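Spelled out, the chains give:
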Amino acid sequence: MKPTFDELYTRLPDLLAPSMAKDHPNLPVEKEEGCYYYGTDGKQYLDFTSGIAVANTGHRHPKVVKAIKEGADELMHGPSGVIMYDSILRVADRLQGILPGNLDCFFFANSGTEAIEGALKLAKYATQRPYVVSFTGCFHGRSIGALGVSTSKSKYRKFLQPNGLTYQLPYADMEGCPAGEDAAEYCVDKLEKDFELLFDHQVTPEEVASVIVEPVLGEGGYIIPPKEWLQKVREICDRHGILLIFDEVQTGFGRTGEWFAAQTFGVTPDIMAIAKGIASGMPLSATVASKELMSKWPMGTHGTTFGGNPIACSAALATLDVIEEEKLLDNSKRLGAYALERLESIRENHNVIGDIRGIGLMIGIEIVDPVTGEPDGEGMMRVLDSSLEKGVLFYLCGKHQEVIRMIPPLIVTQEQIDRGLEVFEEAVAEYEKALSIC
């Protein structure tokens, strides 16, 4: 007899590597639909994670499922280049219509990390410069190349000696702005000085191939920089002939209220890495640049076996249709603003809630010590666990794992937002009560 799911679940530590299996909360599920997971315990769970910002169109959207089934009736595998097929060309054509500026040429891969690797390789090859500058707190992936520019947590780099041809500068820190000063001006001035110090003492700008940045800090804590800060990054890159890479793996496809954060902030990079929400859960990503820049990366300098899979491309086409037809960009902006308003109201009555930040349906909620105001990672986990018991799934991020990520599917309704925040407030109140007893 085949083992049951429950029997296999008890053997989880023997079957899967801890680095794959040990995440929060390891919820056993048997089905997903819309904004919900359905657990093996018979319970329905409202999903405010979107599979970590992947299921922007909701889980198993009927149009996406239909496209996958129909795609499988025609082609299961490329590989692109050896053969050529309709879906990969159509998705490239569609993406040209929604990306900013002259970002119109694509190298398709499978994951966000692969898209980052492609972006870094393209920048170095095209400029023939060796170095890359990234920002402290950013997460760009866990493969060795991407890890060289990822600094959201030191444990990700432990023992791995990632590529040393990188330098890091501080990400925008509005909280560090002295009282009475304008936060945007402070961040811009500090950025200029940080680059001056870097170029004066560590590396010349002529040696830097690219600057890579998350336009909204993701795993590092959902930090939203002033648009002037990103504009200054663009200006400094232009000044020195450095290519600007945006990591839009998490911010893309409506998460910030526009197709991409580049449009939200009014800054167009030279290279963009996109993934996650591109195909509603099917593995697909892309390194994107102008045709002029891509032409400097000739055949054989990069390659893929599975990238641009025909079925994944079919899912991406349906995903783009759903986002447009159901006006999910508008929904992201409208309900994101509504959720922030509700959260601000909730915070007035709860001292363990610290900073609340959000743009579109990408919202971070800090849990802090009510006396010291310091990050409270343990308290955050208790709020997460309590919310899950009540049927709502959130996720975590932040340097001290003190930030709750609220990233529901873009199809979420106001009623679902209300329900999720009602449960969140109940969980916060329970934690505060436990603190008072202690």
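So, here's what we can say about the structure. (Residues numbered from 1 in each chain as written. Predicted model: local features only at pLDDT ≥ 70, side-chain atom pairs only at ≥ 80, totals over all residues. Heavy atoms only, no water.)

Side note on helix α9 (residues 183-201)
For the α-helix, the turn length of 3.6 residues means that residues three or four positions removed from each other point alike.
Turning to step 1, where the next piece is worked out: Between the first and last C-alpha of α9 there are 27 Å, a value that for 19 residues agrees with the 27 Å anticipated at 1.5 Å per step.
Turning to step 2, where the next piece is worked out: For α9, every residue scored as buried is listed here: A184, Y186, C187, V188, L191, E192, D194, F195, L198 and F199.
Turning to step 3, where the next piece is worked out: Among the structural elements, β5 (131-136), β6 (166-170), β7 (208-213) and α10 (227-240) are those in contact with the buried residues of α9.
Turning to step 4, where the next piece is worked out: Backbone nitrogen of A184 and a side-chain oxygen of the N-cap are separated by 3.2 Å at the start of α9; the cap is D182. (Helix = DSSP H or I, 4+ residues; strand = E, 2+ residues; numbered from the N terminus. Expected span 1.5 Å × (residues − 1). Buried < 20%, exposed > 50% of the residue type's maximum accessible area, 1.4 Å probe, protein only. Contact = heavy atoms within 4.5 Å. Polar contact = N/O pair within 3.5 Å; in protein donor to acceptor, adjacent residues only side chain to side chain.)

A look at the sheet that holds strand β11 (residues 353-359)
Turning to step 1, where the next piece is worked out: Reading across from one edge, β11-β12-β15-β14 is the order of the 4 strands in this open sheet, with antiparallel pairing throughout. For this open sheet the edge positions go to β11 and β14 (395-397), each flanked by a neighbour on one side alone. If you compare each strand with its neighbour and ignore which way they point, the axes differ by 30° on average.
Turning to step 2, where the next piece is worked out: By the bridge criterion, 3 bridges tie β14 to strand β15 (residues 403-406) in an arrangement that is antiparallel. The partner of L396 across the bridge, within β15, is I404.
Turning to step 3, where the next piece is worked out: Packed onto the sheet, helix α14 (residues 328-347) meets β11, β12 (362-367) and β15 and runs at close to 170° relative to β11.
Turning to step 4, where the next piece is worked out: The strands touched by helix α16 (residues 414-437) within the sheet are β11, β12 and β15, with β15 carrying the most contacts at an inclination of about 165°. (Pairing = 2+ DSSP bridges. Axes fitted to C-alpha atoms, helices over the stretch in contact; angles between N-to-C directions.)

Some points on a nonpolar patch on the surface
Turning to step 1, where the next piece is worked out: A cluster of nonpolar side chains, namely L8, L15, L16 and M20, defines an oily patch on the protein surface of about 370 Å² accessible area.
Turning to step 2, where the next piece is worked out: Looking at the secondary structure, you find L16 in the loop between α2 (12-15) and α3 (18-21). (Patch = residues over 30% accessible without salt bridge, like charges linked within 9 Å, V, L, I, M, F, W, Y side chains within 5 Å. Areas by Shrake-Rupley, 256 points an atom, 1.4 Å probe, with all protein chains shown as cover. Salt bridge = Lys/Arg side-chain N within 4 Å of Asp/Glu carboxyl O.)

In short, geometric facts, not functional conclusions.
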